[in-house]
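Observations on the three-dimensional arrangement
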Amino acid sequence: MDTLSAHSLRVFFRFALLVLGVSLNTAKADNLTLWDAGFLVPESVEYYAEGDVYFVSNVNGHPLVLDGNGFISKVSSSGRVIETSWLRSKPGSYTLHAPKGLAIAGNNLYVADLREVHVFSLPEGNHVRTIPMEGVSVLNGATPIDNESIIVTDTGYKKQGEGIAPSGTDALYRVWQDGSYEVIAMDDAMGHPNGVFYAGDNEILVVTFGSSELFRMDMSGARTNLAKPPKGTLDGVEKLADGRILVSSWEGDAIYALETDGSYTTLVSDIEDPADLGLDSEQNRLLIPLTNSDQIVIHELGR
């Protein structure tokens, strides 16, 4: 069995356990864990500093299916759920299918949702527009560039029977608030790009779910590979002010830190299926959704 197939089976096995009500929580006690809070397959957490709240994207179903079941939760930074279904599909306006990556640019929240990017105004959450994108399969990671645009990844998968298979659409796009977009890089050998973080100064950080790589890319699409983490199936990526790069690994059940000397350390361990990472810049916290156990881990990074 090849690596992709093994990982695919692991993902769907855990979805089956979720349906049967089996808890998969193994988060350590020194982290604040939000559980039994109404999250349903949470994939991304984004901190909104002006409101001091966290937005959580919930797939609520199969991650590759256009089923209209997705929603966005709003949670206070103290861990109180303000509104479980803060944003949900509105017939005739927009449909949330399997929302994943979240990004705040200017006064707007952007939501990567399979073949569309939704834009909502903040703080109210009013729908601004939905941007359908041609030739994509699974828009996934999202990160702001400036007040008017973001980067999104197409992870390049499609549903095939009860599993998943490559779709050949692996790519990074720049998307503007006005609905326009352009390709930054497109390559079916990219390794299934998942999490993305724009670090400024023309530096894009990307992790791949299939090939388990971390790399830098500039806005022209030029790529520089960085050291591979100890284990793979990578989902989220963040860069801290001290220069460390954090990546989440499903295979390792961990958050790894690429130190400035090029070595890796384990920042958080024993957390299953950590997805797209968020950073609370005010409280200096790492925000970690645990996709298949419906939990959010809030990890204190220290001062």
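First, a word on what this report is: a plain description of the structure on this page. (Residues numbered from 1 in each chain as written. Predicted model: local features only at pLDDT ≥ 70, side-chain atom pairs only at ≥ 80, totals over all residues. Heavy atoms only, no water.)

**Observations concerning the nonpolar core**
Of all hydrophobic cores here, the largest spans 16 residues; its most connected members are Val117, Met133, Leu139, Ile150, Val152, Tyr173 and Val175. Take this core: its biggest share by element is 3 residues, from strand E14 (residues 171-176). If near-sequence neighbours (up to four positions away) are discounted, methionine 133 is found in contact with Arg115, Val117, Leu139, Val152, Tyr173, Val175 and Tyr181. If you look at the next biggest cluster of nonpolar residues, it comprises 14 residues, including Ile72, Tyr94, Leu102 and Val111. (Core = buried A, V, L, I, M, F, W, Y, C linked by side-chain atoms within 4.5 Å. Buried < 20%, exposed > 50% of the residue type's maximum accessible area, 1.4 Å probe, protein only. Helix = DSSP H or I, 4+ residues; strand = E, 2+ residues; numbered from the N terminus. Contact = heavy atoms within 4.5 Å.)

**Observations concerning the packing of aromatic side chains**
Applying the stated criterion across every chain, the model contains 7 aromatic pairs. Residues tyrosine 48 and phenylalanine 55 carry aromatic rings whose centres are separated by 5.8 Å and whose planes lie at 25° to one another, so their mutual orientation is stacked. With a relative accessible area of 8%, tyrosine 48 lands in the buried category. Phenylalanine 55 sits in the buried class, given a relative accessible area of 0%. (Phe/Tyr/Trp six-rings, centres within 6.5 Å; stacked < 30°, edge-to-face > 60°.)

**Description of the pattern of salt bridges**
Side chains that differ in sign of charge can pair as their charged atoms come close. Summed over the entire model, instances satisfying the criterion amount to 6 salt bridges. As a salt-bridge pair, aspartate 146 and arginine 174 come within 3.1 Å of each other at their nearest N and O atoms. One end of the pair, aspartate 146, is in the loop between strand E10 (139-144) and strand E11 (149-154); the other, arginine 174, is in strand E14, with 28 residues separating them in the sequence. Of the residues examined, aspartate 146 reaches a relative accessible area of 33% and is grouped as partly exposed. For arginine 174, a relative accessible area of 16% gives the class buried. Through salt bridges with shared partners, a single ionic network connects Glu203, Arg216 and Lys239. (Salt bridge = Lys/Arg side-chain N within 4 Å of Asp/Glu carboxyl O.)

**A closer look at the sheet that holds strand E20 (residues 234-239)**
By definition, the strands of a sheet pair up through backbone hydrogen bonds, in either a parallel or an antiparallel sense. If you walk across this open sheet you meet the 4 strands as E20-E21-E22-E23, and the pairing is antiparallel. At either end of the open sheet lies a strand with only one pairing partner, and these are E20 and strand E23 (264-268). Across this sheet, the average inter-strand angle for adjacent strands is 30°, counted without regard to direction. With 5 bridges connecting them, strand E21 (residues 245-249) and strand E22 (residues 254-258) associate as antiparallel partners. Considered in E22, the bridge of leucine 246 is made with alanine 257. (Pairing = 2+ DSSP bridges. Axes fitted to C-alpha atoms, helices over the stretch in contact; angles between N-to-C directions.)

**Overview of the layout of surface pockets**
The volume enclosed by the largest pocket comes to roughly 390 Å³. Around the largest pocket, the lining is made up of 22 residues, and of these Glu46, Tyr47, Pro144, Glu238 and Leu279 lie nearest the centre. With 5 residues, the single largest contributor to the lining of the largest pocket is strand E2 (residues 42-48). Its residues assigned to classes, the lining of the largest pocket comprises 14 nonpolar, 4 polar and 4 charged. (1 Å grid on protein atoms, 1.4 Å probe; cavity = no way out; pocket = protein on both sides within 12 Å on 5 of 7 lines; lining within 4 Å. Points joined across faces, edges and corners; volume = space filled by probe spheres on them. Nonpolar A, V, L, I, M, F, W, Y, C, P; charged D, E, K, R; others polar.)

**Structural notes on the sheet that holds E14**
Pairing within the open sheet is antiparallel, and its 4 strands lie in the order E10-E11-E14-E15. Two strands close off the open sheet at either side, each with one partner strand: E10 and strand E15 (181-186). Neighbour to neighbour, the strand axes of the sheet diverge by 25° on average, direction disregarded. As defined by bridge partners, E11 adjoins E14 across 6 bridges and the pair is classed as antiparallel. Each bridged residue has a counterpart across the sheet, and for threonine 153 the counterpart in E14 is leucine 172.

These figures capture arrangement, not role.
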